[in-house]
Amino acid sequence: MLVQQRRLPNGRNVFSINRNETDYLYKEIFEDQAYINPGAAELSERPVIFDIGANIGLFAIFAAERWPGSHIVCFEPVPEVFDVLRRNIADIPGAAARNVAVGASRETREIVYYPRYTILSGFDAEAGADRATVEQYLRNVANGIDDEETRDVVLGSMDEMLADRFEQTTVAVQLERLTDAVADLGVARIDLLKVDVEGSEVQVLQGMDDAVWQMVGSAVIEIADNAGELDMAAALCHDHGMRTEIRQLPEFGGTNLHVLFAER
């Protein structure tokens, strides 16, 4: 794995594994603000934020800029990605990283890891389905381009762009329950819980006991509704006193990828 420095459009330098991924994450997090519910109340001063599925840390960087003085705990299980995350948040006061996955139990499991498409790595990742989602995303983006020639170039280059991106390996990683992480860290509240773990979102929620649920003020969960997971996640939030709202970014129209917002 070759780690390079990448200058973001906002002028900040970060360590990057794959340039295209970093560009995508910047657009999703900083420009589209996909993890921000515009109708929700602003977080309290110096909020506690849990970023589960932190990847290389761009959401943590965004959160530190939006909410100065926040305490941000990042969870990332894949050692190669974790190393880049740790380097990217090293200068953020109050940010910490845990080299673990979060789930419904404490155990060691093998994760499917795409070195050239790290953000889609997951316990149940399947290359064919993941590629189909990315292809639909690219078609949606291309269809929004006014210039016909440019649009045709994007559509015609998809195979080239995605070649070898879904080559995979497996990596043994540690899981912990969010309940155990909260006890270990000694936090009293979670003002914002962000979850993006490529198919294991329900398991993350199932690893929270009632006391931890009551600590959560708001949550944002990116979730693929493959087999009713979206309804299951929403039901868990409702059962613990949270109201929910479901959205889908226009770029993901025609896919099963949604964002679930929950507020207390």
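Now for a quick tour of the structure. (Residues numbered from 1 in each chain as written. Predicted model: local features only at pLDDT ≥ 70, side-chain atom pairs only at ≥ 80, totals over all residues. Heavy atoms only, no water.)

Along its length, the chain carries 10 helices and 12 strands. Taking 2.2 N^0.38 as the reference for a compact globule, 264 residues should give roughly 18 Å; the C-alpha atoms of the chain span a radius of gyration of 18 Å, in line with that estimate. Along the three orthogonal principal directions, the C-alpha set of the chain runs to about 55 × 35 × 35 Å. A burial count over the chain gives 50% of its 264 residues as buried. Taking the contacts inside the chain whose residues are at least 6 apart along the sequence as the reference set, 66% of them involve residues at least 24 apart. Carbon and sulfur atoms make up 47% of the accessible area of the chain, which totals about 12,100 Å². Within the chain, one finds 23 positive and 45 negative side-chain charges whose respective centroids are separated by 6 Å. (Helix = DSSP H or I, 4+ residues; strand = E, 2+ residues; numbered from the N terminus. Rg over C-alpha atoms; globule rule 2.2 N^0.38 Å. Buried < 20%, exposed > 50% of the residue type's maximum accessible area, 1.4 Å probe, protein only. Contact = heavy atoms within 4.5 Å. Areas by Shrake-Rupley, 256 points an atom, 1.4 Å probe, with all protein chains shown as cover. Lys, Arg positive; Asp, Glu negative; His and termini not counted. Charge placed at Lys NZ, Arg CZ, Asp CG, Glu CD.)

At a closest axis distance of 10 Å, the pairing of helix α1 (residues 19-31) and helix α2 (residues 58-66) adopts a crossing angle of 35 degrees. Where α1 crosses over α2, the two elements pack in a sense that is right-handed. Taken together, the residues of α2 that come into contact with α1 (itself represented by Thr22, Leu25, Tyr26, Ile29 and Phe30) are Leu58, Phe59, Ile61, Phe62 and Glu65. Looking at the contact of α1 with α2 residue by residue, the class counts come to eight nonpolar, one polar and one charged. (Axes fitted to C-alpha atoms, helices over the stretch in contact; angles between N-to-C directions. Left-handed = near helix turned anticlockwise from the far one by under 90°. Nonpolar A, V, L, I, M, F, W, Y, C, P; charged D, E, K, R; others polar.)

On to the pattern of salt bridges, then. A side chain of one charge can pair with a side chain of the opposite charge when the charged atoms of the two come close. Under the defined criterion, the tally for this structure stands at 17 salt bridges. Two residues, Arg6 and Asp23, come together in a salt bridge whose shortest N-O distance is 2.7 Å. With a gap of 17 residues between them, Arg6 in strand β1 (residues 4-7) and Asp23 in helix α1 connect regions that are remote in the sequence. One salt bridge in this structure joins Lys194 and Asp51, with 2.8 Å as the shortest N-O distance. Taken as a pair, Lys194 in strand β9 (residues 190-195) and Asp51 in strand β3 (residues 48-52) lie far apart in primary sequence, 143 residues in all. Exposure remark for Lys194: the relative accessible area of 3% places this residue in the buried category. (Salt bridge = Lys/Arg side-chain N within 4 Å of Asp/Glu carboxyl O.)

With respect to topology, seven strands assemble into an open sheet ordered β5-β4-β3-β9-β10-β12-β11, the strand pairing being mixed. Pairing within the sheet leaves two strands with one partner each, and these edge strands are β5 (95-98) and β11 (243-247). Strand-to-strand twist of the sheet, defined as the mean angle between neighbouring strand axes without regard to direction, takes the value 15 degrees. In this fold helix α7 (residues 178-185) packs onto β3, β4 (71-75), β5 and β9, with an angle of close to 140 degrees to the strand it touches most, β3. (Pairing = 2+ DSSP bridges.)

Here strand β2 (residues 13-16) shows a buried face lined by Val14 and Ser16 and an unburied face lined by Asn13 and Phe15. Pairing of β1 with β2 involves four bridges; the strand directions are antiparallel. Paired with Gln5 across the strands is Phe15, a residue of β2. In this antiparallel pair of consecutive strands, β1 and β2, the connection spans five residues, and Gly11 shows a positive phi of 95 degrees.

The next thing to look at is the environment of Arg264. Along the chain, Arg264 falls in the segment after β12 (257-263). The sequence separation of Arg264 and Met215 amounts to 49 residues, and the corresponding C-alpha distance is 9.9 Å. Residues contacting Arg264, with those up to four places away along its chain left out, are Trp213, Gln214, Val216, Gly217, His240, Gly241, Met242 and Arg243. Among the polar contacts made by the side chain of Arg264, one reaches the main-chain carbonyl oxygen of Trp213 at a distance of 2.7 Å. (Polar contact = N/O pair within 3.5 Å; in protein donor to acceptor, adjacent residues only side chain to side chain.)

With respect to the secondary-structure elements, Thr22 resides in helix α1. Setting aside its immediate chain neighbours within four residues, Thr22 contacts Arg6, Leu8, Val14, Ser16, Ile56 and Leu58.

Turning our attention to the packing of aromatic side chains. Here the structure, examined in full by the defined rule, presents 10 aromatic pairs. Centroid distance Phe30 to Phe62: 5.4 Å. Interplanar angle 85 degrees. Geometry classified as edge-to-face. Linking Phe30 in helix α1 with Phe62 in helix α2, this pair joins segments that are 32 residues apart in sequence. Relative accessible area serves as the criterion here: at 6%, Phe62 is assigned to the buried category. Plain terms: the ring middles of Tyr137 and Phe252 are 5.1 Å apart, the flat faces sit at 35 degrees to each other, and that makes the pair tilted. You can see Tyr137 sitting in helix α4 (residues 127-143) and its partner Phe252 sitting in the loop between β11 and β12, a full 115 residues away along the chain. Every member of this aromatic cluster is reached through a ring pair, and the members are Tyr26, Phe30, Tyr35, Phe59, Phe62 and Trp67. A cation sits over an aromatic face here: Arg87 above Phe15, 4.1 Å from the ring centre. For the cation-ring pair, Lys194 lies above Tyr35, with the distance from its terminal atom to the ring centre recorded as 5.0 Å. (Phe/Tyr/Trp six-rings, centres within 6.5 Å; stacked < 30°, edge-to-face > 60°. Lys NZ or Arg CZ within 6 Å of the ring centre and 35° of its normal.)

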